[in-house]
Amino acid sequence: MYREVICVAVSYNKLWKMLIDKHMKKKDLQLAADVSASLVTKMGRNEPVTTTVLMRICNALHCDIGDIMEIVPEDSKAAK
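Position labels on residues start from 1 in each chain and follow its written sequence. Given that the model is predicted, a residue must reach a pLDDT of at least 70 before its local features are reported, and side-chain atom pairs must reach 80 or more before they are shown or counted; all residues, however, enter totals for whole chains, interfaces and linings. The basis for the side-chain values is all heavy atoms of the structure; hydrogens and waters are excluded.

1. Some words on the overall build of the protein chain
Move 1: Within the protein chain one finds 5 helices and 2 strands.
Move 2: Each helix is a run of H or I in the DSSP string that is no shorter than four residues. Each strand is a run of E no shorter than two, and both are numbered from the N terminus. Starting at the N terminus and ending at the C terminus, the protein chain contains elements arranged as β-α-α-α-α-β-α.
Move 3: Taking the principal axes of its C-alpha atoms as reference, the protein chain extends roughly 50 × 25 × 25 Å.
Move 4: Here a residue-residue contact requires only that any non-hydrogen atoms of the pair lie within 4.5 Å. Intrachain contacts of the protein chain at a sequence separation of at least 6 include 64% that bridge at least 24 residues.
Move 5: What sets the accessible areas is the Shrake-Rupley method with a 1.4 Å probe; for residues, cover comes only from the shown protein chains. For the protein chain, the computed accessible surface area is about 5700 Å², with 56% contributed by carbon and sulfur atoms.
Move 6: This count recognises Lys and Arg as positive and Asp and Glu as negative, with His and chain-terminal groups excluded. In this description, the location of a charge corresponds to atom NZ of lysine, CZ of arginine, CG of aspartate or CD of glutamate. Averaging the coordinates of the 12 positive side-chain charges in the protein chain and doing the same for the 10 negative ones gives two points 5 Å apart.

Pasting the structure below:
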């Protein structure tokens, strides 16, 4: 029996676009959501973070989780 394995990755491109639209810097996000600089750096590398962190960011930016991140196929990550 064969199983198809689909590798997925996280993309925070929507978050960075939202920050631009709101005229915010990453430091502003850090202060508004009360998250560390290392966490913002981690997100800058499209590494996964906890849902607690994502909820803090959504609360700070008054948005939904789908507005700041998306799950993309691993192949698409390299193409972006």
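What follows continues from the structure just given.
2. A short note on the nonpolar core
Move 1: Residues belong to a common nonpolar core when they are buried Ala, Val, Leu, Ile, Met, Phe, Trp, Tyr or Cys residues joined through side-chain atoms within 4.5 Å. Relative accessibility under 20% of the residue-type maximum defines a buried residue, over 50% an exposed one, and the middle range a partly exposed one, all with a 1.4 Å probe and only protein chains included. With 21 residues, the main nonpolar core has Tyr 12, Leu 15, Met 43, Ile 57, Leu 61 and Ile 68 as its most contacted residues.
Move 2: Put simply, the parts of the chain that give this core at least two residues each are α1 (13–21), α2 (26–33), α3 (37–44) and α4 (51–61).
Move 3: The element that contributes the greatest number of residues to this core is α4, accounting for 5 residues.
Move 4: Those residues within four positions of Met 43 in sequence are excluded, and the remaining contacts are Tyr 12, Leu 15, Trp 16, Val 49, Leu 54 and Ile 57.

3. Description of the packing of aromatic side chains
Move 1: Two rings from Phe, Tyr or Trp (for Trp, the six-membered ring) form a pair when their centres are within 6.5 Å of each other. A pair whose planes differ by under 30 degrees is stacked, one over 60 is edge-to-face, and the rest are tilted. Evaluated as defined, the whole model comprises 0 aromatic pairs.
Move 2: Whether a charge sits over a ring depends on NZ of Lys or CZ of Arg being within 6 Å of the ring centre and within 35 degrees of the ring normal. Looking at Lys 26, its charged tip hangs above the ring of Trp 16, at a distance of 4.5 Å from the centre.

4. Side note on the side chain of Gln 30
Move 1: Here Gln 30 is to be found in helix α2.
Move 2: Gln 30 gets classed as buried once you look at its relative accessible area, which sits at 16%.
Move 3: Setting aside its immediate chain neighbours within four residues, Gln 30 contacts Val 35, Ser 36, Ala 37 and Val 40.

5. A short note on the packing of α2 against α4
Move 1: Between α2 and α4, whose axes approach to 9 Å, the crossing angle comes to 100°. Relative to α4, the element α2 lies roughly perpendicular. Residue-level inspection shows Leu 29, Ala 32 and Ala 33 of α2 in contact with α4, the latter providing Arg 56, Ile 57, Ala 60 and Leu 61. Structural elements are reduced to axes, namely lines fitted to C-alpha atoms, with helices fitted over the stretch in contact, and the angle between N-to-C directions of any two is expressed from 0 to 180 degrees. What sets the label is the angle itself: under 35 degrees gives roughly parallel, over 145 gives roughly antiparallel, 65 to 115 gives roughly perpendicular, and the rest give oblique.

6. Thoughts on α4
Move 1: Those residues of α4 that fall on the buried side of the exposure criterion are Val 53, Leu 54, Ile 57, Cys 58 and Leu 61. Taken down its axis, α4 places every buried residue within 135° of arc, on the same side. In this structure, α4 carries Met 55 and Asn 59 as exposed residues pointing more than 90 degrees from its buried face.
Move 2: Tucked into the core, α4 has its buried residues touching α1, α2 and α3.
Move 3: Positive backbone phi, approximately 55°, marks His 62, located one or two places after α4. Regarding the arc, it is the one traced by the directions from the helix axis to the C-beta atoms.

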